[in-house]
Structure formats: structure tokens, C-alpha cells
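Here's the letter readout for the chains.
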Amino acid sequence: MTKRALISVSNKDGILEFAKELVALDYEILSTGGTKKMLQDNNVPVTAVDEVTKFPEILDGRVKTLNPFIHGGLLGKFDDPSHQAQMNEHGIEPIEIVCVNLYPFVETISKPNVTWDDAIENIDIGGPTMLRSAAKNHQYVTVIVDSNDYVNVLEELQAQGTTTLETRKRLAAKVFRHTAAYDSYISNYLTEEEFPENLTMTYELKQTLRYGENPHQKAAFYQKRLGSDFSLAYATQLHGKELSYNNIQDGNAALQIVKEFEIPAAVAVKHMNPCGVGTGASIEEAFDKAYEADPTSIFGGIIALNREVDIATAEKLSGIFLEIIIAPSFTKEALAILTQKKNIRLMTISFAQENQDKLKVVSVEGGLLVQEDDTFGFAEADVKVVTDREPTNEEWEALKLGWAVVKHVKSNAIVVTDAQMTLGVGAGQMNRVGSAKIALEQAGTKAKGAALASDAFFPMNDTVETAAAAGITAIIQPGGSIKDQDSIDKANEYGIAMVFTGVRHFKH
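Residues numbered from 1 in each chain as written. Predicted model: local features only at pLDDT ≥ 70, side-chain atom pairs only at ≥ 80, totals over all residues. Heavy atoms only, no water.

(A) View of the side chain of T35. For T35, the position within the fold is in helix α2 (residues 33–41). Look at T35 and you get buried, because its relative accessible area is 2%. In this structure T35 touches I7, S8, V9 and K12, once residues within four positions along its chain are discounted. (Helix = DSSP H or I, 4+ residues; strand = E, 2+ residues; numbered from the N terminus. Buried < 20%, exposed > 50% of the residue type's maximum accessible area, 1.4 Å probe, protein only. Contact = heavy atoms within 4.5 Å.)

(B) Looking closely at α2. T35, M38 and L39 are the residues of α2 that are buried. The buried residues of α2 occupy an angular sector of 95° when the element is viewed end-on, so they sit on one face. Turned more than 90 degrees from where α2 packs its buried face, K37 and D41 sit exposed. Packed against the buried residues of α2 are β1 (3–8), α1 (15–24) and β2 (27–31). (Arc of directions from axis to C-beta.)

(C) Fine view of the sheet that holds β2. Spatial ordering of the open sheet is given by β3-β2-β1-β4-β5, a layout of five strands whose pairing is parallel. With partners counted over all chains shown, the strands left at the sheet margins are β3 (47–48) and β5 (142–144), one partner each. Bridge count between β1 and strand β4 (residues 97–100): four bridges; the pairing is parallel. Bridge assignment links I7 to a residue of β4, and that residue is C99. (Pairing = 2+ DSSP bridges.)

(D) Region of interest: the packing of aromatic side chains. Counted according to the given criterion, the structure contains nine aromatic pairs. Aromatic side chains F78 and Y140 sit 5.3 Å apart centroid to centroid with 35° between the ring planes, which places their arrangement in the tilted category. Residue F78 is found in the loop between α4 (68–75) and α5 (81–90), and its partner Y140 is found in the loop between α8 (126–136) and β5; the two are separated by 62 residues along the sequence. Given a relative accessible area of 15%, Y140 falls into the buried group. (Phe/Tyr/Trp six-rings, centres within 6.5 Å; stacked < 30°, edge-to-face > 60°.)

Structure representation (C-alpha cells):
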């Protein structure tokens, strides 16, 4: 029986060497289109698929391998007398090796200004069909979709004349993962519904991690092929140790906060909550404010900055123990300073707003929660001053800063700010007064004349009472409680300016 291998690839890396080795092992090569031409041009003996199918390629190449002479050869059981009899009756010869990869659909739709027709023409039909046929029949057929597997397959063929069942099973599983991912890219491209009846998402392994949240938990980091550039999955690491599971979580939290600001801003994060947020006329001034906000908690934290790190800022950053610094870029001088620290991770990332994901996905036991990203900002809010006194200009700036930060703090959330920095953060308490007390205690005497932001409304007036006792002079909150008037009256009693936004910012 003639040994046959079918080769048809869009990614031709390594295929010439692979085909030559198969010929040396007495395989007849079947091929189509560009692959066939490349092999012929390099003096590799090739049989055209249409010679096997006895039917020409038609419809601009849309139909060429969808034929019983191909799929009979892929799906026939080599040791089944009934299958062999039928194959012999119809002149179908088995195909032992299939090496196929698919039209570059993802690469096509990733190009700027790609047309609908270009995208549709790059949906592969024959390739996935051959792969699935071969993978189904992996008891007999070796199927390869990844050029990284060429060497292993050749080694087994050269050593024992065939591949092991274990290898064929592993390669078949890879094929079904590959075709499933390929189909999901196509379905997502064609889907217009925001929440379709079936949600398919494809993530590719970026790296295995040393461990998860704790050393006894295994973990890995996956990235979306067509995901947001504004992501640690697509960041460039310039220096330092490999990222850990917790680094990635904290780094993502820092990025989500710093993207709120157009002016120079610096964010310090610990355990996915901000411990300091600062703004300024320069990135150095912004970092000074973020550090001043909580010089204790910033130790061992993650810093995200929305401007290039210059030498002055780098000198200050280098004086603190930090896990990660994320920024759009670093000057050469800044890198020279920061890379003197062996382990600190230095990351650069694109801050392009148009590339950011619109949906957020959270796993729960047995399912996924999917929602729109909370991009609702101060400019979109229906802001109303509900007290007798209106905020001063400086209080307005403090309220805007607090409102930008509080939606990124675990609920119940209270943030105390002045016009340029956070002064106190109260996160994740079971009642709002508890969060207020934590934030105000951290702010200390700086709370006098400061603003307080709440992620949700006040069910009672006790938060206003607590804020007034600490010297807060302006409050921003959603409003909407049946007891709103009690809080308004209490604010008026203490001369506090209070603003309702009509928008809740829970973060669980």
C-alpha cells in the first residue's frame, strides 16, 4: 500500500523541510494550490489533489477537497474489512498523514479597513473539514495543524515507521481545539447581538504561571487573540521577574483606574484596590501625590502611570519597593535607573482608547457573567446640587476625582479626596459607615475641607454625620434612597455641599 500524506497550508513555515523528509520516507505527497506550487518549485514530487479526485478545482478554489476520494481516504478504517472492501470497490486509497492549516481569517480581519468580502473569502471550508475527518479517524491517521509538531512526528516516523496512538490522539485533540477556536472567531465576527444565545470566546495560552493566588494553586495566563491592546496580555515587559497571578490582577486594576484620567495621573494599587491616586501638571507631580496619599500601603504595590516615565520620576520610583511599574513608555535615562533593581517588572502598554474591550467577563461556578464595561463618567451623569450650598470650584475638582476613583474600589466604597489626590480609601465593608470611617481615619486632619465620594446612595444620614464630624465639606453620591431627604437635611445642617449623580458604581 502506498503511503500518502496530504499537505495544504497557508502558513508555510517549515513545510518544505517536512515534505522532503516525508518523501525520503517513501510518502506520496498530495497537495493543492500555493502549497503544491511551492513544493514543485523546490523539486519535491507532488500529486495534485484533482488528479486523485478526478475533478477540477471549481468556484475560484472554493471546492477542491470536498470529495469522497479525499474524505474516504481520511475516514476509512485501515483494519476494517468492510471499509477496505468499499474503498477498494470505489478506488479510494487511504491517507495516513494530513498536514493542514487554515486560511488566515483572524489575520485578515485584524487588518485596517478590511472589507466584508475579504473576510468572507478567508473563511476556510475544506481545511477544517479535512482536519475534522482526519482527527476523527486518529486511530489510523496522523493529523498536524501546528508546525511545532513537525519535528516530533518525523522523529517517530523515522524511528518506528509510524506515529504512536498517544501522539495521534494528542494531535487530534489539538485539531478540534484549533477548529473550535477558528469557528468562534468567525461567529463572533458575524454576530451582531450583544448577548447571543450561545457565547463562544477564544483565548490563547500566553504563559503558565508559577502558581495562582496561593502557592498550592496551579494557574495560567490566557490572552484574547483579538483582545484589547490596553491589557497586560499585550504589554511589553522590559525588565524584571515573570508576572505572577496576583501581579496580573493588581496590574489590571491599576490600569482600569488610570485610564479614567486625561491629565497626568499615577495610581498605586494593593490587592486590587487603590491605595493612592494622584494627578498633577506633570507625571512626577502626579506620582508625588499618589505616594503622599498612602506612603505605607504603596510598599510592594503596583504603579500605573499614563505618561512616559522621565528621569525625575524614575529616581523617586526607585526609592520604593514596588512590584510593577506600568506606563506608556520610559525614557532611556529612566530605564537605566529602574533596571538597577533586578526584580522590578517594567511594562509598557498602549493607552489607545479605541482598542479597549467593551465587555467584562467574570467566571462563577458553572458559568460566566458578562456585562458592559462601566465607562459611565462624570460628564455623562445627570449631576444635581441638592443642598443649599453649591460646591466651590476646588470642591468640584475634588468631587470629580473622587467620582472617578470610587467606582474602582470594592463596594461598599468611600473615597476621600482633595482636588489632586486621594486622601483616604474605605473598601469592601459590609456597611457604608464602616467604609467611611476607614477612609476618614486614613485621611486624618486632611479630611477638613475635603470631598467624599460614595459608590452608592446613603440609606441613612449617618454617613453624612460621620463625614461632617471629620470636616468634609462636599459629598458626591448617586442619590435614590427613600431617605435621601434625611441626608440632604443633615448636609444642610453642617453646611456641606452635596451632589447627586443618579448613577451607582457598585464593584463586587
